[in-house]
Amino acid sequence: MAGDLSARDIERAKFAFSIYDFEGGDTVDAFYLGDVLRALNLSPTQKLVEKLGGTKKRNEKKLKVDEFLPIFGQAKKDKDVGNIEDFTEILKLYDKSGDGKMALAELSHILQSLGERLDKDEAEEILKDCCEPEDEDGFIEYKPFLKKLMAGPYPDDA
């Protein structure tokens, strides 16, 4: 799989890997596998990260860079991720008036019950960080929400 990576991809992967090598031992805790992949502009689901060897707890498993490169190659090939257009179409299903708005409570429910479910605290944190204040009827515009969500935690770094 690492053979499918360009020299530039390998260089970028090694750099991202080195950032998550907190102990300086040329290893990365498998707990941070998803973070390293996301630092490389991939959007793996938690399910994919676990399938690729990520762990749910720290210090269960360490990865070396030569083990990480094939994982990066495989994750790079994975097309099971959506984009902003896909997510906009999904949220349009909840836009009863066709005005680009949906109930904030409904969005919270979606985050907690569909797909890769979030717990209540995780959903509240995302809504707090990505949503404009709801209007007097409890609605928010979902396109700005999606743009902030898809930009990630450091949109100015992209």
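An unreviewed UniProt entry annotates the chain as Myosin light chain alkali of Orchesella cincta. The record in UniProt for the chain states the following under Subunit (unreviewed entry): "Myosin is a hexamer of 2 heavy chains and 4 light chains."

Trainee: Residue-level account of the domain arrangement of the chain, with values.
Mentor: As a measure of interface size, the accessible area lost when the parts come together is often cited. The domain architecture assigned to the chain consists of domain 1 (7-77) and domain 2 (84-149). Computed over C-alpha atoms, the centres of domain 1 and domain 2 are 30 Å apart.

Trainee: Outline the nonpolar core, supporting the account with residue identities and numerical values.
Mentor: Judged by nonpolar contacts, the single largest core of 22 residues is most densely connected at Leu33, Val36, Leu37, Leu40, Leu52, Phe68 and Phe72. Secondary structure elements with two or more residues in this core: helix H1 (7-19), helix H2 (33-39), helix H3 (46-51) and helix H4 (65-77). Residue contributions to this core peak at five residues, all from H4. What Leu40 contacts, discounting residues up to four positions off in sequence, is Arg12, Ala13, Ala16, Phe68 and Phe72. One finds Leu91, Ile110, Ala123 and Leu127 within the second-largest nonpolar core, a separate group that totals 14 residues.

Trainee: Report on the packing of aromatic side chains, specifying residues and quantitative values.
Mentor: This model, assessed by the stated rule, comprises six aromatic pairs. For the pair Phe17 and Phe68, a centre-to-centre distance of 5.6 Å together with 40° between the ring planes defines the contact as tilted. Of this pair, Phe17 sits in helix H1 while Phe68 sits in helix H4, placing them 51 residues apart in sequence. Aromatic rings pair up to connect Tyr20, Phe22, Phe31 and Tyr32 into one cluster.

Trainee: Describe unusual backbone geometry, with residues and values.
Mentor: One non-glycine residue with positive phi stands out, namely Asn41, at about 65°. Relative to the helices and strands, Asn41 resides in the loop between H2 and H3.

Trainee: Describe the pattern of salt bridges, with residues and values.
Mentor: Per the counting criterion, the structure on display carries eleven salt bridges. Across the pair Lys76 and Asp9 runs a salt bridge whose closest N-O atoms are separated by 2.4 Å. In this pair, Lys76 is assigned in helix H4 and Asp9 in helix H1, connecting sequence segments 67 residues apart. Residue Asp9 is classed as buried on the basis of its relative accessible area, which comes to 10%. A salt bridge links Lys62 to Glu23; the shortest N-O distance between them is 3.4 Å. Of this pair, Lys62 sits in strand E2 (residues 62-64) while Glu23 sits in the loop between H1 and strand E1 (27-29), and the two are 39 residues apart along the sequence.

Trainee: Summarise the environment of Pro144; cite the residues concerned and give the values.
Mentor: By the secondary structure assignment, Pro144 is in helix H8 (residues 142-151). Residue class for Pro144 comes out partly exposed when judged on its relative accessible area of 30%.

Trainee: Give me the lowdown on the UniProt feature "domain: EF-hand" (unreviewed entry) in the chain, citing residues and values where you can.
Mentor: When the UniProt feature table is mapped onto this chain, "domain: EF-hand" (unreviewed entry) is found at residues 82-117. End C-alpha to end C-alpha, residues 82-117 measures 16 Å, and it is 53% helix and 8% strand.

Trainee: Explain a negative patch on the surface residue by residue, including any values.
Mentor: The grouping of Asp119, Asp121, Glu122, Glu124 and Glu125 at the surface amounts to a negative patch. Mapped onto the secondary structure, Glu125 falls in helix H7 (residues 120-130).

So, how was this worked out
Residues numbered from 1 in each chain as written. Predicted model: local features only at pLDDT ≥ 70, side-chain atom pairs only at ≥ 80, totals over all residues. Heavy atoms only, no water. UniProt positions renumbered as here; feature names shortened; annotations may be inferred. Domains from an automatic or database assignment. Core = buried A, V, L, I, M, F, W, Y, C linked by side-chain atoms within 4.5 Å. Buried < 20%, exposed > 50% of the residue type's maximum accessible area, 1.4 Å probe, protein only. Helix = DSSP H or I, 4+ residues; strand = E, 2+ residues; numbered from the N terminus. Contact = heavy atoms within 4.5 Å. Phe/Tyr/Trp six-rings, centres within 6.5 Å; stacked < 30°, edge-to-face > 60°. Salt bridge = Lys/Arg side-chain N within 4 Å of Asp/Glu carboxyl O. Patch = residues over 30% accessible without salt bridge, like charges linked within 9 Å, V, L, I, M, F, W, Y side chains within 5 Å. Areas by Shrake-Rupley, 256 points an atom, 1.4 Å probe, with all protein chains shown as cover. Lys, Arg positive; Asp, Glu negative; His and termini not counted. Charge placed at Lys NZ, Arg CZ, Asp CG, Glu CD.

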